[in-house]
Amino acid sequence: MKDESYLDKPLLEDGDTSNLVPIQRSKTEKLWGILSQSPAASWLPFPSGLGYDAASLQHKSTKEKSTMTQATGSPAERSRVLILVLVLATFLLALLSVFFNLFIWPLGRQPSLSVAVPQNLSDAALLEAREREPRVGAMRDCLDKAVQDFSAEPSVVKDDARMTLQCNGTRQEFLSGNGGTRIEVVWIDGEVSYNVDEASAEVHVARLSRRPLPLSLTSVNQLLRDLASWGGLEELQGCLNRTSQKFREEPTAVQDNAKLVVSCGSHQVTFVSGEGQNEISVYRGNVYEEIQYQVKATGWAWFEKFWKDLWG
């Protein structure tokens, strides 16, 4: 059993504490006095004579609430403070977000690599791509240039090329075959350039064959050096070497007004000077035959060549 000796202690009468007088109370009164001071006292019906009635407790609760209100402020003031705290917290979070995105996130972010699937490269595909673009714009200018120049390319280029268009921040790519020959169409300050990185000597000669080259001993020797640096096309190199040896012996009237066609194997190159009235043909039927060099001169060039050949 619990020790209840403290119940025998006399309760003090309210009043002057300098002259305390012990008051004898019964155990029931003492018990009610103790219970009234417990948290559950508001639920108990205390006798009115003991001074612990509901009115007394309600007065105490009202006094505590008044003290709390004075300490924390009115509900309106608390709402304003809460709103201010929320606004400041939102502002700080926004600043932290901006700082993170500008300085922290870029440091750890890995650049994303987007690989576009190349479109089919052909004259028709370039025309279709051009029609999809607005009539005015950098990409439309690039496609105009690509359509114009690619249409003149030899089949060895058209069938095995990769074309990249980079025009004012926009990129398109086209592919045929394995993409051996690289073509770049670039738009810079309103000017469009069409550049071809020739992949082999065959591509180089095929592109040269699209139009006549200027005829001179220098141009013939230059092509011969280019093919030697590329490697390959030995048969054509042999014909050009024979041309260089014989052409230097021609009179000026022939050199300045001639059309030279070098055709060896499956390759052909044409040179022209003046109006191309004098015809020079260099060819070889097969690898077992000698290289043929024939000149068909006209007018004064014929007499000049005749006398030169006659007198050596």
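Report follows, based on the coordinates.

Each value, and the rule that gives it
- Residues numbered from 1 in each chain as written.
- Predicted model: local features only at pLDDT ≥ 70, side-chain atom pairs only at ≥ 80, totals over all residues.
- Heavy atoms only, no water.
- Helix = DSSP H or I, 4+ residues; strand = E, 2+ residues; numbered from the N terminus.
- Buried < 20%, exposed > 50% of the residue type's maximum accessible area, 1.4 Å probe, protein only.
- Contact = heavy atoms within 4.5 Å.
- Polar contact = N/O pair within 3.5 Å; in protein donor to acceptor, adjacent residues only side chain to side chain.
- Pairing = 2+ DSSP bridges.
- Salt bridge = Lys/Arg side-chain N within 4 Å of Asp/Glu carboxyl O.
- Core = buried A, V, L, I, M, F, W, Y, C linked by side-chain atoms within 4.5 Å.

1. Focus: the overall build of the protein
Within the protein, the regular secondary structure consists of eleven helices and twelve strands. Buried positions account for 27% of the 312 residues belonging to the protein. Here the contacts in the protein between residues at least 6 apart in sequence split such that 42% fall between residues at least 24 apart.

2. Considerations on the side chain of Asn221
For Asn221, the location among the structural elements is in helix H8 (residues 217–230). A polar contact of 2.7 Å, which involves the side chain of Asn221, links it to the side chain of Ser244. Excluding its chain neighbours within four sequence positions, the residues that come into contact with Asn221 are Ser244 and Arg248.

3. Quick notes on the pairing of strand S4 (residues 161–167)
In terms of burial, S4 is largely enclosed, as five of its seven residues are buried. Strand direction decides the pairing type here: S4 and strand S5 (residues 170–176), joined by seven bridges, are antiparallel. Bridge assignment links Leu165 to a residue of S5, and that residue is Gln172. A loop of two residues connects S4 with S5, the two strands running antiparallel in sequence, and Asn168 in this loop sits at a positive phi of about 55°.

4. Some words on the pattern of salt bridges
Counting across every chain of the model gives twelve salt bridges. One salt bridge connects Glu173 with Arg171, and the closest N-O pair in it is separated by 3.5 Å. Between Lys246 and Glu249 there is a salt bridge, with its nearest N and O atoms 4.0 Å apart. By relative accessible area, which is 26% here, Lys246 ends up partly exposed. Classification of Glu249 by relative accessible area gives partly exposed; the value is 45%. Because the salt bridges share partners, they merge into one network encompassing Arg130, Glu131, Arg140 and Asp144.

5. Digging into the nonpolar core
Of all hydrophobic cores here, the largest spans 27 residues; its most connected members are Leu236, Leu240 and Phe271. If you list the elements that add at least two residues to this core, you get helix H7 (201–208), H8, helix H9 (234–247), strand S9 (258–264), strand S10 (267–272) and strand S11 (278–284). If near-sequence neighbours (up to four positions away) are discounted, Leu236 is found in contact with Val205, Leu227, Val262, Cys264, His267 and Val269. The next biggest cluster of nonpolar side chains, apart from the first, holds 20 residues, and it includes Ala129, Ala138, Met139 and Ile183.

Scope: geometric values only; no functional claims are made or implied.
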